[in-house]
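Reading the structure
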Amino acid sequence: MTSVQHSSSQRFTFRKDERLCSDKIIAGLFQSGIFVSKYPFRLNAMRLPQGTPGPRLQILMTAPKRTFKRAVDRNRVKRLMREVYRVQKHRLYEELEKLDMHLAAALIFTGREILSHAEMEKAFAKILERCLAALPEWKERSA
RNA sequence: GAGGCAGUCUGUUCUAUCGACUGGCGAAAGCCAGUAGGAAAGUCCGGGCAACACAGGGCACCGUGCUUCCUAACGGGAAGGGGUGCAAAGCGCAAGCAAUGCACUACAGAAAGUGUCGCAGAAACUAAACCGCCUCUUCUGAGGUAAGGGUGAAAAAGCGGGGUAAGAGCCCACUCGUGCAGCAGUGAUGCUGCAUUGGGAUAAACCUCACGGGUUGAAAGACCAAAUAAACCCAGGCCAAAAGCGGCCCGCUUCGUGACUUCGGUCCGUCUGGGAGGGUAGGUCGAUGGAGCACAAGUGUGAAUUUGUGCCUAGAUGAAUGAUAGAAACUCAAUGCGUUGAGUACAGAACCCGGCUUAUAGGACUGCCUUUUUU
RNA sequence: GGGCUGUUAGCUCAGUUGGUUUAGAGCACUAUCUUGACAAGGUAGGGGUCGAUGGUUCGAAUCCAUUACAGCCCA
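This section reports on the structure supplied with the text. Predicted model only: the values in this text are computed from it and were never measured.

1. Let's talk about the packing of aromatic side chains
- This model, assessed by the stated rule, comprises five aromatic pairs.
- Between Phe14 and Tyr85, the aromatic rings sit 5.6 Å apart at their centres with planes inclined by 75°, giving edge-to-face as the arrangement. With Phe14 in the segment before helix H1 (23-32) and Tyr85 in helix H2 (residues 71-88), this pair connects stretches of sequence that are 71 residues apart. Each member of the pair, Phe14 together with Tyr85, is buried.
- With 5.7 Å between their ring centres and 80° between their planes, Phe41 and Phe109 make a pair best called edge-to-face. You can see Phe41 sitting in strand S2 (residues 41-48) and its partner Phe109 sitting in strand S4 (residues 102-109), a full 68 residues away along the chain.

This is the structure we're talking about:
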C-alpha cells in the first residue's frame, strides 16, 4: 500500500534538533561554496567540527520567493521536500557514521513548478547519490 | 422552467499508515487532548501596548470636511437632510413646478484675496456691438439697443403681459436665487411672510475657516547567560555662551564657584556627538483570557448597548498546523444507462484588536432584469 | 513585520510639479534615393486604449480614489 516500510532500527522522524536553526551556521553555510546540484534541487553543505552534540546532520529546506510568489505554494514545496527527506535520510546517516563527519546542509528547490510527491521522491534519490559520492571529497577539503 | 446581475450566509467529509508543534500525565518508553482564515491578503485607516521626548504660546507641516448619533478610536458604521440623474400622478396659457419610486452622492467656504478659463466667437469677467433692429444724416457716418442670429462647456435669471423710435427688471404677475424676520426641528434644514434686479466656473488650483495630529514601531522593549576595553582618535559645551524643548520663533530649562596664565589661551576633570576597532548574535518574557465568543431577555428606527447564563477557541520563532493511500459527497463531460474520466475555489497566522478594500469553484437564500410555456 | 519608488511606441527615456497647443526624442521597422551589391548616409512614412477601473472638470498622460504588476530599502 505505502512505500514506507516499518523497521525497529530505523524511524522516519524529523525532530527539532535535526533542523538547522542557528543564524551563525546558516551564514557560514552559504559562504562555504560547497554544493551539489541536480535539477530541481541544489544542496549547499558545510562540515561541522568533530564532537558537535546532536545528530550527524542538520538540514533546512527552502523555496525561493522569486519563483513561488504565493506563501501557499512555498509551504507546499517545503512540506513535500521535508516528507521526501524524512523517508530517505537514513542512507546519508549511515555514510556519515562511516566517515565520522558532522554536516550542516541547506536543500534548495530550484525548479519552476510544483512537482508531485512521486516525482519529488525520484528526483531526491538522484541528488542523494551525487551527495554520497561527494562526501569523501568534502571531508578532505575541510580538513 | 431557463439565463444574467447584485447582496448576505456557507465554503467538503471519513478511515488507515508515517510524521511536526504546543499543553497535560509519566522515571522513561510512550499515552491523551488541541493545532490555520473569511478574507490569515493588500497595508488604505484607527486603537491597545512599548521606548524616547515633553512648562506654555504662536507659525509652519500633515490629515479630515452636510447634520446628529454609535464607538476605545477612525478617513469606519447607522439614521436623517440637501443635491444630481431616470421614471412620473397632478398643477400651469407657457416657462416651469412637482407628490411618489429607484439609483448615485469626497456634500464647509467662490460677496477675504490670488491664479486659470486654449480654440471658436464682436465680446470670457466689475464684458461687448459682427450680423440685425431703431433714430438722425452732408449718404458717408454718428448715436441708441441687448429682443433675434451665430460661437462656445459657459454670453450676466426664466416666461407671459405692459411699455418703447427700437429695446431693456424699465414696470407688473408667476417661478428661481439672495438677504432679513417668524415658526418647526437637538441639528443639517424645511415652511411662511417681507424686501431685492439679483453679474460665471474652478478650492480632487493656491487659499480661508473649523476640528484633529509629539516621534518611532514588537527588528518596540525588559531580564538572564556568555563575552568584553571606564582603552584610542576627532569635534563641541562647562557662569554666559552653548545645548535642549527631533521644522522655525518667542519663551523656558540645564550645566566646573578646578589649576596655570604673557588674559590670546593652555592643562586637568566632566558631559554630549561622531569615527575606528573589539565582543556577542543563545535563552526567557513581551506573546495569546481578549474593546473575546455563543445564546436569551431588555432598550433603541438603526449602528449599537445593558444584564444574565454558558464556553476557552492556533501560538510557531530559519518558523508546526503535513504527506501518502483508500472510500464517500457534490459538479461537469462521455455514455453501451452498468459505469468511466476529470474537477472540488480564493488562498497560509508571525504582538493583538476594530474597520475598509480586493480575490473566491460549488451550494443556499433574498431582490431586480430578460426570455419561454401555461392560466 | 515596517517603509519608499516606478509603469508612456518593439527597446531606452522626455513630457506630469503649474490641465486645453501636435504625446516628443534616439535606436529599431517600412518605402525610397545612393551602390554592381551591402553597410553608412539622405528623404518620406507607419507604429501609442499613456498599466487598469471609477471620479473631479467644459476638457485628464497630468489632479483624486481604488486596484494590478514590477523594483528598492530597514537588524
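Having seen it, we continue.
2. Quick look at the nonpolar core
- Judged by nonpolar contacts, the single largest core of 35 residues is most densely connected at Phe41, Leu43, Leu135 and Trp138.
- Taken together, the elements giving at least two residues each to this core come down to strand S1 (34-38), S2, strand S3 (57-62), H2, helix H3 (90-99), S4 and helix H4 (117-142).
- With ten residues, H4 is the single largest residue contributor to this core.
- In contact with Phe41, other than residues within four places in its own chain, are Met81, Leu107, Ile108, Phe109, Thr110, Met120, Ala123, Phe124 and Ile127.
- Membership of the second largest hydrophobic core comes to seven residues, among which are Leu20, Leu48, Leu60 and Ala104.

3. A look at the protein's contact with RNA strand B
- Around RNA strand B there are 25 residues in total, and Lys16, Leu20, Asp23, Arg76 and Arg82 lie nearest to it.
- For RNA strand B, the backbone portion of the atoms within 4 Å of the protein, that is sugar and phosphate, comes to 74%.
- Residue Ala71 places a main-chain N or O atom 3.5 Å away from a phosphate oxygen belonging to RNA strand B.
- For the surface near RNA strand B, the secondary-structure elements that each account for two or more residues are H1 and H2.
- Counting residues per element, the surface near RNA strand B draws most heavily on H2, at nine residues.
- Here the residues of the surface near RNA strand B sort into nine nonpolar, four polar and twelve charged.

4. Considering H2
- The end-to-end C-alpha distance of H2, which contains 18 residues, comes to 26 Å, matching closely the 26 Å that a straight helix rising 1.5 Å per residue would cover.
- Listing the buried residues of H2 in full gives Asp73, Arg74, Val77, Leu80, Met81, Val84, Tyr85 and Gln88. Down the axis, H2 shows its buried residues gathered within 135° of arc, on one side only. Turned more than 90 degrees from where H2 packs its buried face, Val72 and Arg79 sit exposed.

5. Observations regarding empty space enclosed by the protein
- One pass over the full model with this rule turns up one cavity of 30 Å³ or more.
- The computed volume of the largest cavity comes to approximately 30 Å³.
- Taken together, Leu43, Leu57, Ile59, Leu92, Leu103, Ala105 and Cys131 make up the lining of the largest cavity.
- Those elements giving two or more residues to the lining of the largest cavity turn out to be S3 and S4.
- Here the lining of the largest cavity is built from residues that sort into seven nonpolar, no polar and no charged.

6. Quick notes on unusual backbone geometry
- For the peptide bond that leads from Tyr39 to Pro40, omega is 5°, which places it in the cis range.
- Inspection of the secondary structure assignment puts Pro40 in the loop between S1 and S2.
- With phi around 55°, Asp100 is a residue other than glycine that occupies positive phi space.
- Here Asp100 shows up in the loop between H3 and S4.
- Of the residues examined, Asp100 reaches a relative accessible area of 35% and is grouped as partly exposed.

About the cut-offs
- Residues numbered from 1 in each chain as written.
- Chains lettered and ligands numbered in written order.
- Predicted model: local features only at pLDDT ≥ 70, side-chain atom pairs only at ≥ 80, totals over all residues.
- Heavy atoms only, no water.
- Phe/Tyr/Trp six-rings, centres within 6.5 Å; stacked < 30°, edge-to-face > 60°.
- Helix = DSSP H or I, 4+ residues; strand = E, 2+ residues; numbered from the N terminus.
- Buried < 20%, exposed > 50% of the residue type's maximum accessible area, 1.4 Å probe, protein only.
- Core = buried A, V, L, I, M, F, W, Y, C linked by side-chain atoms within 4.5 Å.
- Contact = heavy atoms within 4.5 Å.
- Near = heavy atom within 4 Å.
- Polar contact = N/O pair within 3.5 Å; in protein donor to acceptor, adjacent residues only side chain to side chain.
- Nonpolar A, V, L, I, M, F, W, Y, C, P; charged D, E, K, R; others polar.
- Expected span 1.5 Å × (residues − 1).
- Arc of directions from axis to C-beta.
- 1 Å grid on protein atoms, 1.4 Å probe; cavity = no way out; pocket = protein on both sides within 12 Å on 5 of 7 lines; lining within 4 Å.
- Points joined across faces, edges and corners; volume = space filled by probe spheres on them.

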